[in-house]
Amino acid sequence: MVSDNPETFVDLDGHNKDAPGADNSDSTQDNCPNQEACNKTAQQQAQQLSQQGLDFIKGYEKFSSTVYDASGKKHLGDWTIGWGHKTTEDAAPVTESQANAILAKDVQGAVNAVNHGLRVSVAQNQFDALVSLAFNAGPGSVAVYNQMMRAVNSGSVTEANFTAYRYSGHDKNGSPIVSQGLIRRREDEYGMYSEGKY
């Protein structure tokens, strides 16, 4: 990890006093050779999911007070509760209020992953679309080295970048299983990203 390079290091929780732009008694310019890039990184870290973005995620996740296998008929043991929260098969039921609190924590993880992968400023609808992708496909989908974030950071995002995450696993022969539900979600995320359609 190179902590003095603002292009490769982001201190998500603010606990590294040597992070670019960290608030300490020394001048932040000493820790950040490119102050403009550090300021942009700080602004990106402050970006949060909008209410419209949260409602979009809830619309796809659907609320369940009890544990269910999200893999459906594949019976893979993808135990889920609340608003898409991964859990164990024997988890206790939750109220909608409890599920909302869990969702807030889960979404923050996706928000942090997107902020970490971004190297450019994006509009709110674009940020929301990326958070939805990260929430559903995992933080690796928005890692800075990933094809998605390379496209975002270079300004060359296409629908194909989103639909690359249309698989729900692999069959017994190791072939990817295309999910129509994920295709629909990725198309809607791209619509949000490219046109602001929630």
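Anything mentioned here points back to the structure above.
Everything in this summary refers to the structure shown in the same document. The structure presented is a predicted model; accordingly, all values stated were derived computationally and were not measured.

## Digging into the packing of aromatic side chains
With the rule as written, the count across this model stands at four aromatic pairs. For the pair Phe-63 and Trp-83, a centre-to-centre distance of 5.6 Å together with 50° between the ring planes defines the contact as tilted. In this pair, Phe-63 is assigned in the loop between helix H3 (51–61) and strand S1 (64–69) and Trp-83 in the loop between strand S2 (79–82) and strand S3 (85–86), connecting sequence segments 20 residues apart. Accessibility expressed as a relative area gives 30% for Phe-63, which makes it partly exposed.

## What about the pattern of salt bridges?
As enumerated under the stated definition, the model contains five salt bridges in all. Its salt-bridge partner being Glu-195, residue Lys-197 comes within 3.0 Å of it at the nearest N-O pair. The pair formed by Lys-197 and Glu-195 is uniform in burial state, with each residue classed as exposed. A network of salt bridges, in which partner residues are shared, links Glu-61, Arg-185, Arg-186 and Glu-189.

## A look at the packing of H3 against helix H4 (residues 96–117)
When two helices pack together, you describe them by how their axes are tilted relative to each other and by the distance separating the axes. Look at H3 against H4: their axes get within 12 Å of each other, and the N-to-C directions meet at 110°. Here H3 is positioned roughly perpendicular relative to H4, judged by the angle of their axes. Helix-helix and strand crossings are classified by hand; for H3 and H4 the assignment is right-handed. Taking contact as the criterion, the partners of Leu-54, Ile-57 and Lys-58 in H3 are, on H4, Asn-100, Leu-103 and Val-107. Split into classes, the residues belonging to the contact of H3 with H4 amount to four nonpolar, one polar and one charged.

Rules behind the numbers
- Residues numbered from 1 in each chain as written.
- Predicted model: local features only at pLDDT ≥ 70, side-chain atom pairs only at ≥ 80, totals over all residues.
- Heavy atoms only, no water.
- Phe/Tyr/Trp six-rings, centres within 6.5 Å; stacked < 30°, edge-to-face > 60°.
- Helix = DSSP H or I, 4+ residues; strand = E, 2+ residues; numbered from the N terminus.
- Buried < 20%, exposed > 50% of the residue type's maximum accessible area, 1.4 Å probe, protein only.
- Salt bridge = Lys/Arg side-chain N within 4 Å of Asp/Glu carboxyl O.
- Axes fitted to C-alpha atoms, helices over the stretch in contact; angles between N-to-C directions.
- Parallel < 35°, antiparallel > 145°, perpendicular 65-115°, else oblique.
- Left-handed = near helix turned anticlockwise from the far one by under 90°.
- Contact = heavy atoms within 4.5 Å.
- Nonpolar A, V, L, I, M, F, W, Y, C, P; charged D, E, K, R; others polar.

In short, shape yes, function no, at least from these values alone.
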